[in-house]
Amino acid sequence: MNYRLLIILLFITSEIGWAQKTEILTDLINKVELASNTLEESSPNHMDPLALKATLVWSEDKSQLAIIMKATLLEGWHIYAYVPETQPYIASDMRLILPKGITKIKDWENPYSTPYENGIYIYEGTIVFVQYCSVNSFKKGDVITTGLYYQTCDIRKCFPPETKTISLVLD
């Protein structure tokens, strides 16, 4: 047998295997939708126009989990979903620190953003971010740290960028 052909076939086979993504379990998707709707909203105020809550949702077999972050913005305030390099504002960035044995399945699911001006997109009102993860192992008491780096603005002013984090304990 031609060794070059064998090596090429092995390479293609391994690439196909690595390229396959973990499917998110249907029961977890349904639980995330319910939890997103029922997760209590926080109360922002004029000195802190973004309030943040987070929770964990497990699949039935505990092989997957989802981290849900719900941000509530005060009426008239926004954060940035996308900012072109030519603009001075700060785009929001989700933060996540996972313990050993837990890995992201895909990137964060972001809410729909609204076109603003000059190629900028914003988030307003109540917004939900979801991160699905695969669970190989964990220890009771391990912590997932999640959060949001953002800049809040209204039509007259912007606050300096800030990071809010929440620790979620696994049990």
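Preceding block: the structure.
We now turn to the structure provided with this report.

**Considering the packing of aromatic side chains**
Logical step 1: Inspection of the entire model under this criterion finds four aromatic pairs.
Logical step 2: Relative to F159, the ring of W77 has its centre 5.3 Å away and its plane inclined at 5°; by these criteria the two rings are stacked. Here W77, found in the loop between β2 (64–73) and β3 (78–82), pairs with F159, found in the loop between β9 (143–150) and β10 (162–169); they are 82 residues apart in sequence, far enough to count as distant.
Logical step 3: The exposure class of W77 is buried, given its relative accessible area of 4%.
Logical step 4: Looking at F159, the relative accessible area reads 22%, which means it is partly exposed.
Logical step 5: Centre to centre, the rings of Y80 and Y89 are 4.9 Å apart; their planes meet at 15°, and the pair counts as stacked.
Logical step 6: A cation over a ring is seen here: K62 above W58, with NZ or CZ 4.4 Å from the ring centre.

**Focus: the pattern of salt bridges**
Logical step 1: In total, this model carries six salt bridges according to the counting rule given.
Logical step 2: Between E40 and K53 there is a salt bridge, and its shortest N-O distance comes to 3.8 Å. In this pair, E40 sits in the loop between α2 (26–38) and β1 (50–58) while K53 sits in strand β1, placing the two residues 13 residues apart along the sequence.
Logical step 3: The partner of E109 in a salt bridge is K106, with the nearest N and O atoms 2.8 Å apart.
Logical step 4: With a relative accessible area of 37%, K106 lands in the partly exposed category.

Definitions and limits used
Residues numbered from 1 in each chain as written. Predicted model: local features only at pLDDT ≥ 70, side-chain atom pairs only at ≥ 80, totals over all residues. Heavy atoms only, no water. Phe/Tyr/Trp six-rings, centres within 6.5 Å; stacked < 30°, edge-to-face > 60°. Helix = DSSP H or I, 4+ residues; strand = E, 2+ residues; numbered from the N terminus. Buried < 20%, exposed > 50% of the residue type's maximum accessible area, 1.4 Å probe, protein only. Lys NZ or Arg CZ within 6 Å of the ring centre and 35° of its normal. Salt bridge = Lys/Arg side-chain N within 4 Å of Asp/Glu carboxyl O.

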